[in-house]
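# Structural characterization, general
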Amino acid sequence: MTVTISQLATMIQAQVQGDGDRSVTGCAGLDEAAGDQVSFLSNRKYAASLKTTSAGVVILSAGDAAQAPPQLPVLIAKDPYFAFRQAMVALHGFRKQPAAGISEHAIIDPTATIGADCSIQPFVVIEAGATIGPRTVIHPHCHIGAHAAIGEDCILYPSVTVYDRCVLGNRVTLHAGCVIGQDGFGYATHKLPGEEPRHHKIPQIGNAVIEDDVEMGANCAVDRATLGSTRIGRGTKFSDLIAIGHGASLGQHNLLVAQVGIAGSTDTGDYVVMGGQVGVAGHLSIGSGVQLAAQSGVMTDVPAGEKYGGQPAMPLNQAKRMVLAITRLPELLKEVKELEKRIAAMEGGKGVQSPES
């Protein structure tokens, strides 16, 4: 798509500074952009690139626009990151999905219900009693279990598995390899007479519920509950390789970065953010608005609005101080050894004056 900078400004509700008649055709980063591309700056860490970028126009805040080179056209926006997102939608759109239709190579039980204008691709298996909402797209090699329910306008990329009786709301996107509703990790360790102790499997008779507007990256897994439901709240977004334990309940609009693991029966509030490789123990409560730094190990409840980090997780400022202290350990150990030598010398009478002197 080709538009002028002025036309794009109208589309993304921005103000033009400079030549608005130049045409742009796409989006790119500051260091890679060409003269017909749009870029943006929202992190001051990359401000130096404004002087060297070849972009046709850059989306900036009003404060940063004052620092832009005079020859560089600028689009001034209150939220440059979101405005750039809007520009990407306008110029590139989203990934094109297959046309509506059911492949002759799909296996669909006669008792399943398929809504209007769905796209069911080759080698999809849909079991008895499952329901698929209108306009949903299911890519090849997906498996939908018996009596599962999938809402409207969902997208399931290749090799997604939705186990029996699990529920997906509307506009849910699951990227390749996601598994919804596999058995939770539930075993009773018990020694029967005449046998060694064994881990006896507990039937997992609950399900998993994914609410509206959730998106999960590749290879995420959500356990079904032992009883009741494991629940992922509306608008929540996962990166890749997220694992959610049985009976957990995530609030609305959470953000989980790659390799987060949440153990069973833990609840989170709304707008919780977890950095990469955060681990959360079971049966905890994480309040709304909590932010957990990457690789945090959460062992206790976290009150609403707090920022935590470290292993075990603690208030972030305290965690930062501990990290700084750890970096000084070699120096501190050296000082301790010197002090030990001096104390030993003093106790041995070397260099110590007598009280009478």
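Coordinates for the structure precede this section.
Residues numbered from 1 in each chain as written. Predicted model: local features only at pLDDT ≥ 70, side-chain atom pairs only at ≥ 80, totals over all residues. Heavy atoms only, no water.

## Regarding the pattern of salt bridges
Using the following cut-off: Counted as salt bridges are all cases of a side-chain nitrogen of Lys or Arg within 4 Å of a carboxyl oxygen of Asp or Glu. Only DSSP runs of H or I covering at least 4 residues are called helices, and only runs of E covering at least 2 are called strands; the numbering of each starts at the N terminus. Relative accessible area decides the class of each residue, using a 1.4 Å probe on protein chains only: under 20% of the type maximum gives buried, over 50% gives exposed, and in between gives partly exposed.
Scanning all chains against the criterion turns up 11 salt bridges. Across the salt bridge formed by Arg-171 and Asp-213, the nearest N and O atoms sit 2.6 Å from each other. Separated by 42 residues along the polypeptide, Arg-171 in the loop between strand E19 (167-168) and strand E20 (173-174) and Asp-213 in the loop between strand E24 (207-210) and strand E25 (215-216) bring together distant segments of the chain. Judged by relative accessible area, which is 26%, Asp-213 ranks as partly exposed.

## What about the sheet that holds strand E5 (residues 37-40)?
Put simply, the test is: For two strands to pair, DSSP has to find at least two bridges joining them. Any two residues whose heavy atoms approach within 4.5 Å are treated as being in contact. Orientation is described by axes fitted as lines to C-alpha atoms, over the contacting stretch for helices, and by angles from 0 to 180 degrees between their N-to-C directions.
If you trace the 5 strands from one edge of the open sheet to the other, you get E2-E7-E6-E5-E4, paired in mixed fashion. What marks the edges here is a single partner per strand, and that holds for strand E2 (15-17) and strand E4 (26-27). Of the pairings in the sheet, the one linking strand E6 (residues 57-60) to strand E7 (residues 74-76) comprises 3 bridges and is parallel in character. What sits directly across from Ile-59, in E7, is Leu-75. Helix H1 (residues 5-12) contacts E2, E5, E6 and E7 of the sheet and is inclined by roughly 20° relative to E7.

## Brief notes about the nonpolar core
In plain terms, the rule: Throughout this description, the term nonpolar core refers to a set of buried Ala, Val, Leu, Ile, Met, Phe, Trp, Tyr and Cys residues connected via side-chain atoms within 4.5 Å.
Counting 50 residues, the largest nonpolar core has Ile-144, Leu-156, Val-162, Leu-174, Met-216, Phe-238 and Ile-244 as the members making the most contacts within it. Ile-5, Leu-75, Ala-83 and Ala-87 belong to the second largest nonpolar core, which has 17 residues in total.

## Points about H1
Under the convention used in this document: By definition, the arc is the one covered by directions from the helix axis to the C-beta atoms.
When H1 is considered as a whole, its buried residues turn out to be Ile-5, Leu-8, Ala-9 and Ile-12. Across the axial projection of H1, the buried residues extend over an arc of 105°, all falling on one side. Positive phi appears at Gln-13, one or two residues downstream of H1, with a value of about 55°.

## Quick word on unusual backbone geometry
That bond from Gln-311 to Pro-312 is cis: its omega, -5°, falls within 30 degrees of zero. Position of Pro-312 relative to the elements: it lies in the loop between strand E39 (307-309) and strand E40 (314-315). Notably, His-253 is not glycine yet its phi reads approximately 60°, a positive angle. Relative to the assigned elements, His-253 resides in the loop between strand E30 (249-250) and strand E31 (255-256).

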